[in-house]
Amino acid sequence: MSSHVSDPAAPMPLAGIHHVTSIAGDPQRNLDFCVGVLGLRLVKRTVNFDLPDTYHLYFGDAVGTPGTILTIFPWPRVSRRPPGTGQIAVTAFTVPARSLGYWRDRLVRHGVAVTGPFRRFDDRVIQFADPDGLRYELVAVERPPEVTAWQDGPVPPEHAVRGFHGVTIWEAALERTAAVLGDLLGFRALGEEEGRVRFQVGDGPARALVDVVVLASAPRGAEGVGTVHHIAWRTRDDASQLAWQARVADRGLDVTPVRDREYFRSIYFREPGGVLFEIATDPPGFGVDEPPEALGTGLRLPPWLEPRRAALEQSLPPLRLPAAAT
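Because the structure is a prediction, the values reported are computed rather than measured. (Residues numbered from 1 in each chain as written. Predicted model: local features only at pLDDT ≥ 70, side-chain atom pairs only at ≥ 80, totals over all residues. Heavy atoms only, no water.)

1. Here we look at the overall build of the protein chain
Then comes step 1: Each helix and strand in the protein chain was counted, giving five helices and 16 strands.
Then comes step 2: In terms of overall dimensions, the protein chain has a C-alpha envelope of 55 × 50 × 35 Å along the principal axes.
Then comes step 3: Burial statistics for the protein chain: of 326 residues in total, 56% are counted as buried.
Then comes step 4: By sequence separation, contacts in the protein chain at least 24 residues apart represent 69% of the contacts at least 6 residues apart.
Then comes step 5: Just so you have it, the protein chain exposes about 13800 Å², and 52% of that area is on carbon and sulfur atoms.
Then comes step 6: Looking at charge distribution, the protein chain has the averaged site of its 35 positive side-chain charges lying 3 Å from that of its 39 negative ones. (Helix = DSSP H or I, 4+ residues; strand = E, 2+ residues; numbered from the N terminus. Buried < 20%, exposed > 50% of the residue type's maximum accessible area, 1.4 Å probe, protein only. Contact = heavy atoms within 4.5 Å. Areas by Shrake-Rupley, 256 points an atom, 1.4 Å probe, with all protein chains shown as cover. Lys, Arg positive; Asp, Glu negative; His and termini not counted. Charge placed at Lys NZ, Arg CZ, Asp CG, Glu CD.)

As structure tokens, then:
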């Protein structure tokens, strides 16, 4: 860990959320929910590069646009845990303003308990959880981001989820986390409502929001099924990522070397409250090893794992898309 010596020139501003990665249990049950209920497309089925005997599933819009990607580590042998401080507690997606009623009806029809709609910071919001206890919100906006809707999915394109609205972080204290968000990463503080301090990164419809809620007496969060593993912020290219790496290190935070994730490159560090942050490049994207029409249809492995393909395919459980999504 380096000490603070100077403040390097600010890199290219972060453009919003690249992806959110959460921990689920049974991979088929998670796929059924993400595709069959939320209407996200499975854009990549691969393995966890650090634990290759487990899946890593990527869901998003039709082409896997950064800012739409929910990634899942399905770890069926890991215990389920509720979120605590030092963790992302809620992941929020954007939907068109006119679609919130459609979504409430759809979730209820699929047996999902829904809270709301209610207002927060002038937004209309509904809340729910998936079968593993992962907490989600849908937020209605008048100008949702432009994404590539999945025409063959179970949700009509006009109602489709349009990417991330933001996340809610639970913290034991605000000050050091706020300093990293604002002074280091360039987030803008937007205000406070009912104990929720809101920050924004990026501009326009693709911007992302972070709400920090201080729960000083709540237990510290622990990794498990039903918790968010990390959040990745978008950066344009490799050069900008390296500038961010230098800036984070210069502030005295322990940042990793660049890691090649095949579909993007990543650096990781923890903010002082405990949340694992990633800064990920937009390129090369999810089309590097599959054509658009075939995204998510086969098990994709990085070159260094190809020699283990036969053993991995035998050990990983088979997955099937929900009938309505095939």
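Following the structure, the description resumes.
2. Observations regarding the nonpolar core
Then comes step 1: With 70 residues, the main nonpolar core has F59, F93, L138, L185, F187, W233 and F277 as its most contacted residues.
Then comes step 2: Excluding its chain neighbours within four sequence positions, the residues that come into contact with W233 are L14, G16, I17, H18, L185, F187, V201, V210, F277, E278, I279 and A280.
Then comes step 3: Formed by nine residues, the second largest nonpolar core is a distinct cluster that contains Y58, A232, A280 and F286. (Core = buried A, V, L, I, M, F, W, Y, C linked by side-chain atoms within 4.5 Å.)

3. Some thoughts on helix α1 (residues 27-37)
Then comes step 1: The buried fraction of α1 is high, at nine of eleven residues.
Then comes step 2: Those residues of α1 that fall on the buried side of the exposure criterion are P27, Q28, N30, L31, F33, C34, V35, G36 and V37.
Then comes step 3: Residues of α1 that are buried in the fold lie against β1 (17-24), β2 (41-48), β3 (51-60), β4 (69-74), α2 (100-109) and β7 (123-129).
Then comes step 4: Its side-chain oxygen placed 3.2 Å from the backbone nitrogen of Q28, D26 serves as the N-cap of α1.
Then comes step 5: Just downstream of α1, G39 is the residue with a positive phi angle, here 75°. (Polar contact = N/O pair within 3.5 Å; in protein donor to acceptor, adjacent residues only side chain to side chain.)

4. Structural notes on the environment of L242
Then comes step 1: Relative to the helices and strands, L242 is located in helix α4 (residues 238-250).
Then comes step 2: L242 gets classed as partly exposed once you look at its relative accessible area, which sits at 46%.
Then comes step 3: Through-space distance from the C-alpha of L242 to that of P11 is 8.7 Å; in sequence the pair is 231 residues apart.

5. Observations regarding unusual backbone geometry
Then comes step 1: For the bond from G116 to P117, the omega torsion is 15°, close enough to zero to count as cis.
Then comes step 2: In this structure, P284 follows P283 across a cis peptide bond, with omega equal to 5°.
Then comes step 3: Structurally, P284 can be placed in the loop between β16 (276-281) and α5 (309-315).
Then comes step 4: Positive phi, close to 70°, is recorded for D122, a residue that is not glycine.
Then comes step 5: With respect to the element layout, D122 can be found in the loop between β6 (115-120) and β7.
Then comes step 6: A positive phi angle is found at E194, which is not glycine, with a value near 50°.
Then comes step 7: For E194, the position within the fold is in the loop between β10 (188-193) and β11 (196-201).

6. Observations concerning empty space enclosed by the protein
Then comes step 1: This structure, assessed with the given rule, holds three cavities of 30 Å³ or more.
Then comes step 2: Lining the largest cavity are 18 residues, with G39, G60, D61, A160 and V161 positioned closest to its centre.
Then comes step 3: Residues that form the lining of the largest cavity fall into these classes: nine nonpolar, six polar and three charged.
Then comes step 4: Its boundaries defined by the atoms lining it, the second largest cavity holds a volume of some 70 Å³.
Then comes step 5: What lines the second largest cavity is a set of 13 residues, and nearest its centre among them are R120, E137, H165, R198 and D211.
Then comes step 6: Contributing elements (two or more residues each) for the lining of the second largest cavity: β7, β8 (135-141), β9 (164-171) and β12 (208-214).
Then comes step 7: For the lining of the second largest cavity, the element with the most residues is β9, which contributes four residues. (1 Å grid on protein atoms, 1.4 Å probe; cavity = no way out; pocket = protein on both sides within 12 Å on 5 of 7 lines; lining within 4 Å. Points joined across faces, edges and corners; volume = space filled by probe spheres on them. Nonpolar A, V, L, I, M, F, W, Y, C, P; charged D, E, K, R; others polar.)

7. Remarks on the layout of surface pockets
Then comes step 1: One number sums up the size of the largest pocket: a volume of about 330 Å³.
Then comes step 2: Looking at the largest pocket, it is lined by 21 residues, and the ones nearest its centre are D50, F73, H230, R261 and Y268.
Then comes step 3: Among the residues forming the lining of the largest pocket, the class breakdown is nine nonpolar, seven polar and five charged.
Then comes step 4: By volume, the second largest pocket amounts to about 200 Å³.
Then comes step 5: Those elements that place two or more of their residues in the lining of the second largest pocket are β5 (87-96) and β13 (228-235).
Then comes step 6: Of the residues that constitute the lining of the second largest pocket, the class distribution is five nonpolar, eight polar and three charged.

8. Section: the side chain of R120
Then comes step 1: Its location among the elements puts R120 in strand β6.
Then comes step 2: Not counting residues within four places of it along the chain, the set of residues in contact with R120 comprises V125, Q127, E137, E193, R196, R198 and D211.

9. So, the sheet that holds strand β14 (residues 259-260)
Then comes step 1: Taken together, eight strands build an open sheet; the order of strands is β2-β3-β4-β1-β13-β16-β15-β14 and the sheet is mixed. Edge strands, defined here as strands with exactly one partner in the open sheet, are β2 and β14.
Then comes step 2: Sheet topology note: the β2/β3 ladder contains seven bridges and is antiparallel. Residue pairing in the sheet places R41 in a bridge with G60 of β3. (Pairing = 2+ DSSP bridges.)

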